[in-house]
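Chain by chain, the residues:
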Amino acid sequence: MPERANDTVDYVVRFSLWARFQHAMIILLFGLLLLTGMPQKWPTLEASRWIVDHVGGVFAARWVHRAAGVAFTGLLVAHLTVAIVGLLSRRMKPSMLLSGRDFRDAIDNLRYYAGYTDIAPKFGRFDYRQKFEYWGLVFGSVIMVVTGYILIYPIPVSKFLLAELIPAAKVMHSYEALFAFLIVLVWHMAGAHLSPEAFPIDTSIFTGKIRKDKLKHEHALEYEELFPKP
């Protein structure tokens, strides 16, 4: 939750240390998983062979991939635990939960972009794009974790579940990873760092701070809550 600021400062503390740590870890672990996973999906490519050789061979690449996967699992469990406990204890607001307003905001924003209206919708702490991306990340991470452990332990899994689950998990794991990479490359990078408002980079998730004028422009409802008019 951002600190309640006053008019004597030109920024608001928007992200906690915990949030910034999670973001940094996702960058690191997602990068390692892609770097060591994609060469296993396309092993015949020259770029894949170059990566595998520089990592230390295919066995080293698999070891790093699995180690990063275990660390990613721990991060996912920690995130969900902190979020659930925070919501149940009411120390956190459910600011990431989707509501009917988010879908109306999406339609209104598309109408604004298309020129059907001159008034852009006002957003709260997180807009519909950030919420859609967040829930995509959560559900995608669950799919990656579950299918990843199925592939690590195929024999124990096949003893209790259908053996056909193993190749199905391989396909899901592979294409969910590719889908996640494309989402980050196209959706996240374009929206968070390459948009006219953020270019060349939005530093708020790294510093935890956001300028007041930027907050007012991008999250007007949150700004009005922090700086109510007298």
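This structure is a prediction, so every number in the text was calculated from the model and none was measured.

**Observations regarding the overall build of the chain**
Then, number 1: For the chain, the helix and strand inventory stands at ten helices and two strands.
Then, number 2: When the helices and strands of the chain are placed in sequence order, the string is β-α-α-α-α-α-α-α-α-β-α-α.
Then, number 3: Structurally, the chain occupies a C-alpha span of about 65 × 40 × 35 Å along its principal axes.
Then, number 4: Within the chain, buried positions represent 32% of all 230 residues.
Then, number 5: Sequence separation of at least 24 residues holds for 67% of the intrachain contacts in the chain that already meet a minimum separation of 6.
Then, number 6: Taking the 25 positively charged and 20 negatively charged side chains of the chain as two groups, their mean positions are separated by 5 Å.

**A closer look at the packing of helix 3 (residues 58-88) against helix 5 (residues 128-152)**
Then, number 1: As a packed pair, helix 3 and helix 5 sit with axes 10 Å apart at the nearest point and diverge in direction by 135 degrees. Compared by their axis directions, helix 3 and helix 5 come out oblique. For the pair helix 3 and helix 5, the crossing hand works out as left-handed. Of helix 5, the residues touching helix 3 (which contributes R66, G69, V70, F72, T73, L76, H79 and L80) are Y134, V138, S141, V142, V145, Y149 and I152.
Then, number 2: Its residues assigned to classes, the contact of helix 3 with helix 5 comprises ten nonpolar, four polar and one charged.

**Re the nonpolar core**
Then, number 1: Ranked by size, the top nonpolar core spans seven residues in total: L29, L33, A68, F72, L75, L76 and V145.
Then, number 2: Going through the elements one at a time, helix 1 (17-41) and helix 3 are the ones with two or more residues in this core.
Then, number 3: Top element by residues in this core is helix 3. It accounts for four residues.

**Considering the pattern of salt bridges**
Then, number 1: Taken as a whole, this structure holds ten salt bridges when the rule is applied.
Then, number 2: In this structure, the salt-bridge partner of D213 is R211, at a minimum N-O distance of 3.1 Å.
Then, number 3: Taking the relative accessible area as the measure of exposure, D213 reaches 48% and is therefore partly exposed.
Then, number 4: In the salt-bridge network here, residues are joined through shared partners; they are R14, R125 and E222.

**Some thoughts on the packing of aromatic side chains**
Then, number 1: In the structure shown here, the tally under the stated rule is eight aromatic pairs.
Then, number 2: Arranged with centres 6.0 Å apart and planes meeting at 25 degrees, the rings of W18 and F21 form a pair that is stacked. Of the two residues, W18 and F21 both sit in helix 1, three residues apart, roughly one turn of that helix.
Then, number 3: Given the relative accessible area of 33%, W18 is considered partly exposed.
Then, number 4: What links up through ring pairs into an aromatic cluster is the set F103, F123, Y128 and F132.
Then, number 5: Here R14 stacks its cationic end above the ring of F126, 5.2 Å away from the centre of that ring.

**A short note on the environment of A67**
Then, number 1: Tracing the chain through its elements places A67 in helix 3.
Then, number 2: Among the residues examined, A67 registers a relative accessible area of 35% and is labelled partly exposed.
Then, number 3: C-alpha of A67 to C-alpha of V52: the two residues are 15 residues apart in sequence and 16 Å apart in space.

Rules used throughout
Residues numbered from 1 in each chain as written. Predicted model: local features only at pLDDT ≥ 70, side-chain atom pairs only at ≥ 80, totals over all residues. Heavy atoms only, no water. Helix = DSSP H or I, 4+ residues; strand = E, 2+ residues; numbered from the N terminus. Buried < 20%, exposed > 50% of the residue type's maximum accessible area, 1.4 Å probe, protein only. Contact = heavy atoms within 4.5 Å. Lys, Arg positive; Asp, Glu negative; His and termini not counted. Charge placed at Lys NZ, Arg CZ, Asp CG, Glu CD. Axes fitted to C-alpha atoms, helices over the stretch in contact; angles between N-to-C directions. Parallel < 35°, antiparallel > 145°, perpendicular 65-115°, else oblique. Left-handed = near helix turned anticlockwise from the far one by under 90°. Nonpolar A, V, L, I, M, F, W, Y, C, P; charged D, E, K, R; others polar. Core = buried A, V, L, I, M, F, W, Y, C linked by side-chain atoms within 4.5 Å. Salt bridge = Lys/Arg side-chain N within 4 Å of Asp/Glu carboxyl O. Phe/Tyr/Trp six-rings, centres within 6.5 Å; stacked < 30°, edge-to-face > 60°. Lys NZ or Arg CZ within 6 Å of the ring centre and 35° of its normal.

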